[in-house]
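Read off the chains here:
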Amino acid sequence: MQIQYKAPRNWLQTLLQTEIAQGMALTLRRMFNRPITRQYPEEKPVVAAGFRGRHALVRDAATGESRCVACMRCARVCPSHCIRIRWSRAADNSRVVDAYNIDALRCIFCGYCAEVCPVNAIVLTEVYAYAANGRSAFKFDKQALLDNWDDFAAQKGDMQGYVNPLCRPRNMPEGALAHAKRVAVDAEWSGAEQWVGKNHRAALAHTQGVEPTPGAPCHGQTNQGGAAK
Ligand code: SF4
Ligand code: SF4
């Protein structure tokens, strides 16, 4: 991914609204290009790293159950309050999840729940096609969320080494991450270059000893992270 800062307009450009002419010129150029039609659903689009699709609870390969430890972080951080969890104590004093519900129709797909989960139990998968006739189909309970994971795993094929980028907050130093989140991520998702705006320029100035001009083009990469094995 490239980040390109737009140079500020001068007064003449503002007066003449040159962007309108630029936009019209682009439209004119595209009119003579060959149309590109994707033959969906036979041809599926490539889903980018960090895509926020249908929710799922990761099924632990060892236990066959959810990894959730009922810490309640996801429910607390969720800005639309669409996660409801009920838990009880087991004989060994550990927490047992009795109910885990997400109302996907209220979700704004911010990905915060996946970011804060210390054990990478909740993820937003790459599944984007899940239309239904009724609203109730989007109220996921624990079993439905585990089934969503199974569906995703079946679509993905080999899940060995699968890493959900949303599980690793961008630019977090490794030492500040929960143990489960300390996974190898590629530069496309984890790079410090992903900082944008003032933060990006400050980071660049710190590493290169120069202050880039706000209008100058800067190049960055997304970083990939989070483990949901
Ligand atoms: S993606 Fe955001 S809004 Fe949706 S359930 Fe997670 S925290 Fe809530
Ligand atoms: S943050 Fe993770 S472990 Fe904690 S309640 Fe939510 S899904 Fe479960």
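Residues numbered from 1 in each chain as written. Chains lettered and ligands numbered in written order. Predicted model: local features only at pLDDT ≥ 70, side-chain atom pairs only at ≥ 80, totals over all residues. Heavy atoms only, no water.

J.: Let's hear about the overall build of the protein chain: which residues, and what values?
T.: Helix and strand counts for the protein chain stand at 7 helices and 7 strands. Mapped from its N terminus to its C terminus, the protein chain presents α and β elements in the order β-α-α-β-α-β-β-α-β-β-α-α-α-β. With 229 residues in all, the protein chain has 34% of them scored as buried. Within the protein chain, counting contacts between residues at least 6 apart in sequence, those at least 24 apart form 73% of the total. With an accessible surface of roughly 14,500 Å², the protein chain has 55% of that area assigned to carbon and sulfur atoms. (Helix = DSSP H or I, 4+ residues; strand = E, 2+ residues; numbered from the N terminus. Buried < 20%, exposed > 50% of the residue type's maximum accessible area, 1.4 Å probe, protein only. Contact = heavy atoms within 4.5 Å. Areas by Shrake-Rupley, 256 points an atom, 1.4 Å probe, with all protein chains shown as cover.)

J.: Tell me about the site of ligand 1, and name the residues and values.
T.: Residues in close proximity to ligand 1 total 14 residues, the closest being Cys 78, Cys 107, Cys 110, Gly 111 and Cys 113. A breakdown of the residues in the shell around ligand 1 according to their chemical character gives 11 nonpolar, 3 polar and no charged. (Near = heavy atom within 4 Å. Nonpolar A, V, L, I, M, F, W, Y, C, P; charged D, E, K, R; others polar.)

J.: Describe the site of ligand 2, naming the residues involved and giving the relevant values.
T.: Taken together, 14 residues sit near ligand 2, with Cys 68, Cys 71, Met 72, Cys 74 and Cys 117 positioned nearest. Here the shell around ligand 2 is composed, by residue class, of 13 nonpolar, no polar and 1 charged.

J.: Tell me about the sheet that holds strand β6 (residues 139-140), residues and numbers included.
T.: The strand order across the open sheet built from 3 strands is β3-β4-β6, with neighbouring strands paired in antiparallel fashion. A strand with exactly one partner marks an edge of an open sheet, and here the two such strands are β3 (83-89) and β6. Bridging between strand β4 (residues 95-103) and β6 involves 2 bridges; their strand directions are antiparallel. Across the sheet, Asp 103 pairs through a bridge with Lys 139, a residue of β6. Seen against the sheet, helix α5 (residues 142-156) touches β4 and β6 and runs at an angle of roughly 75° to β4. (Pairing = 2+ DSSP bridges. Axes fitted to C-alpha atoms, helices over the stretch in contact; angles between N-to-C directions.)

J.: Describe in detail the pairing of β3, supporting the description with residues and values.
T.: Pairing between β3 and β4: 7 bridges, direction antiparallel. Residue pairing in the sheet places Trp 87 in a bridge with Val 97 of β4.

J.: Hey, could you go over the nonpolar core for me, with residue numbers and the actual values?
T.: Ranked by size, the top nonpolar core spans 34 residues in total, and within it Ile 83, Ile 85, Tyr 100, Ile 102, Ile 122 and Trp 149 carry the most contacts. Only β2 (55-57), α3 (73-77), β3, β4, β5 (122-124) and α5 provide two or more residues apiece to this core. In terms of residues, this core owes the most to one element, α5, which gives 5 residues. Apart from the residues lying within four places of it in its own chain, the contact partners of Tyr 100 are Leu 57, Cys 68, Cys 74, Ile 83, Arg 84, Ile 85, Ile 122, Phe 140, Asp 141, Lys 142 and Leu 145. (Core = buried A, V, L, I, M, F, W, Y, C linked by side-chain atoms within 4.5 Å.)

J.: Please set out the packing of aromatic side chains residue by residue, giving values where relevant.
T.: Here the structure, examined in full by the defined rule, presents 6 aromatic pairs. Ring geometry for Tyr 40 versus Tyr 128: centroids 6.5 Å apart, planes at 45°, classification tilted. Residue Tyr 40 is located in the loop between α2 (18-31) and β2, and its partner Tyr 128 is located in the loop between β5 and β6; the two are separated by 88 residues in the primary sequence. On the basis of relative accessibility, which here comes to 42%, the residue Tyr 40 falls in the partly exposed class. (Phe/Tyr/Trp six-rings, centres within 6.5 Å; stacked < 30°, edge-to-face > 60°.)

J.: Provide a residue-level description of α2, including the pertinent values.
T.: Spanning 14 residues, α2 covers 20 Å between terminal C-alpha atoms, matching the ideal 20 Å at 1.5 Å per step. Of all 14 residues making up α2, only 0 are buried, and the element is barely covered by its neighbours. (Expected span 1.5 Å × (residues − 1).)

J.: Give a detailed account of the pattern of salt bridges, specifying residues and quantitative values.
T.: Under the criterion given, the structure shown has 7 salt bridges. A salt bridge links Glu 19 to Arg 9; the shortest N-O distance between them is 2.8 Å. On the criterion of sequence distance, the pair formed by Glu 19 in helix α2 and Arg 9 in the loop between β1 (2-3) and α1 (11-16) is long-range, its members being 10 residues apart. Asp 60 is paired through a salt bridge with Arg 67; the nearest N and O atoms lie 3.8 Å apart. By relative accessible area, which is 22% here, Asp 60 ends up partly exposed. (Salt bridge = Lys/Arg side-chain N within 4 Å of Asp/Glu carboxyl O.)

J.: I'd like to hear about the side chain of Thr 125, residue by residue, with values.
T.: Position of Thr 125 relative to the elements: it lies in the loop between β5 and β6. A distance of 2.7 Å separates a polar side-chain atom of Thr 125 from the backbone oxygen of Arg 54. Those residues within four positions of Thr 125 in sequence are excluded, and the remaining contacts are Phe 51, Arg 52, Gly 53, Arg 54, Ala 56 and Phe 152. (Polar contact = N/O pair within 3.5 Å; in protein donor to acceptor, adjacent residues only side chain to side chain.)

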